[in-house]
Each structure stands twice: as C-alpha cells, then as structure tokens.
Amino acid sequence: MTTTCVAIEMNGMTDTGEVPRLYLDANVFIYAIEGDADIADPLRQLFNLLRSNRGIGVTSELTLAEVLPRASNAQRRSYLDMIVWSRIFELHPVSRDILIETARYREKAGMPKLPDAIHAVTAIRAGCRTVLSADSRLKLPDGYSVLPPLADNLSRLIQELS
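A brief report on the enclosed structure follows. Remember, it's a predicted structure, so these values are computed and weren't measured experimentally. (Residues numbered from 1 in each chain as written. Predicted model: local features only at pLDDT ≥ 70, side-chain atom pairs only at ≥ 80, totals over all residues. Heavy atoms only, no water.)

1. Focus: unusual backbone geometry
Definition in use: Under the scheme used here, helices are H or I runs from DSSP no shorter than 4 residues and strands are E runs no shorter than 2 residues, and both carry numbers assigned from the N terminus.
Although it is not a glycine, R87 adopts a positive phi angle of roughly 60°. Looking at the element boundaries, R87 is found in the loop between α4 (73–85) and β3 (90–92).

Dropping the structure here:
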C-alpha cells in the first residue's frame, strides 16, 4: 500500500521536522480506564504528556464503539471525557474512503478482523508510524511498528516525546 505518511521516529522528531504522531488502539484506552495501576498509571502519564502536546495522539472514532458497550456508567463518562471531550486525541472518522481502503488492506495484509484493519489504515493515513496496541495480530506495512503498552515501553515513549 502506498501512502504519503510522515514517519515518527522514537527520538520524538520526524525526518521532516514535523510533530511526531502516535496512534492509540482501543485496548490502550481500556487499560487506562479499567486496567491495573501498573499499566493504567503509565498510560495516564502518557495522556498527560499528550494533553500538553496536542497533535501527537490519534485514534479512530471506531475506538468509541469498541470501548463503550461493556462500560459502566462511570466508565462511559471517563471514556467520553478522555477520548472526546478532553480533545487530547485527534479523532478520525470511519469514512467511506477508509472502509474502501480497509477492504483492500485486509486482502493484501491478510487481516481477518475488520476493526484491526480499520485501525491500521487510519493510523497509516494519519501519518502514525507507531501504533500503541496490545493486539499482536495487528499487521502494519514495513516501516510501521506496533508498540505494546508495557511499562518499559511507555516509560521510554514518555521520555522520547518529552
């Protein structure tokens, strides 16, 4: 798949000097709201960093459809506050163009899960070379990487983006 995305480097700068972009999968938000402190605390620290550096954090509006169904009323408010109302994250719609490109991507990349493929295509289109996700089935093109939300990875990411 050919894209015109800007590469994010782990040193916090891109080769074009633009602001780095980080895509966050739905499971990251679930860990931040519902997870144990060992993972939730570093994620909240990352979110605070993203709050002061707007334009870095990106996710799809699909994330809302994934996190809200099983959420309690309090969790639902927390998800909406974090993902929508805080304006920390740039939300990308699931448009017709995304769906058409996702269909092609699923075929080429061999991704059977529609939500995973939508996240991958949205990340690519948004210029996010790094995807923060616990989903090991997520397939990205060469030059893109999946970063599991583990404490060590989050600590390094926070340092690199600071």
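2. Focus on the sheet that holds strand β1 (residues 22–24)
The condition is simple: Here, a strand pair is defined by DSSP locating no fewer than two bridges between the strands. Axes here mean lines fitted to C-alpha atoms, for a helix over just the part in contact, with angles spanning 0 to 180 degrees between N-to-C directions. The contact criterion used throughout is that any non-hydrogen atoms of two residues lie within 4.5 Å.
Strand order in the open sheet made by the five strands is β3-β2-β1-β4-β5, with parallel pairing throughout. The open sheet has two edge strands with one neighbour each: β3 and β5 (145–147). The mean inter-strand angle of the sheet, taken between neighbouring strand axes irrespective of direction, is 30°. Strand direction decides the pairing type here: strand β2 (residues 57–60) and β3, joined by three bridges, are parallel. Bridge assignment links V58 to a residue of β3, and that residue is E90. Running at roughly 115° to β5, helix α7 (residues 151–161) makes contact with β1, β4 (130–132) and β5 of the sheet.

3. Some words on the pairing of β2
The test is simple: Each residue's exposure class comes from its accessible area (1.4 Å probe, protein chains only) as a fraction of the maximum for that residue type: buried when under 20%, exposed when over 50%, partly exposed otherwise.
Of the two faces of β2, the one carrying G57 and T59 and the one carrying V58 and S60 are both buried. The pairing of β1 with β2 spans two bridges and is parallel. Across the sheet, the residue bridging to Y23 is V58, located in β2.

4. Some thoughts on the packing of aromatic side chains
Going by this rule: Here the aromatic set is Phe, Tyr and Trp, taking the six-membered ring for Trp, and pairing holds for ring centres within 6.5 Å; pairs whose planes are under 30 degrees apart are stacked, those over 60 apart are edge-to-face, and all others are tilted. Definition used: whenever NZ (Lys) or CZ (Arg) falls within 6 Å of the ring centre and also within 35 degrees of the ring normal, the charge is taken to sit over that ring.
Throughout the structure, instances matching the rule amount to three aromatic pairs. Between F29 and F89, the ring centres sit 5.0 Å apart and the planes meet at 85°, which makes this aromatic pair edge-to-face. Note that F29 is positioned in helix α1 (residues 26–34) and F89 in the loop between α4 and β3, a separation of 60 residues in sequence. Like F89, F29 is buried. The lysine or arginine in question, R129, covers the ring of Y144, its NZ or CZ lying 4.2 Å from the ring centre.

5. Considerations on helix α2 (residues 37–52)
Residues that lie three or four places apart on an α-helix share one face, since the helix turns once every 3.6 residues. The following threshold applies: Helix span, as expected, comes to 1.5 Å for every residue beyond the first.
The terminal C-alpha atoms of α2 lie 22 Å apart, and with 16 residues this matches the ideal 22 Å at 1.5 Å per residue to within 8%. Those residues of α2 lying buried are I39, A40, P42, L43, L46, F47, L49 and L50. For α2, the secondary structure elements touched by its buried residues are β1, α1, β2, α4, β4 and α7.

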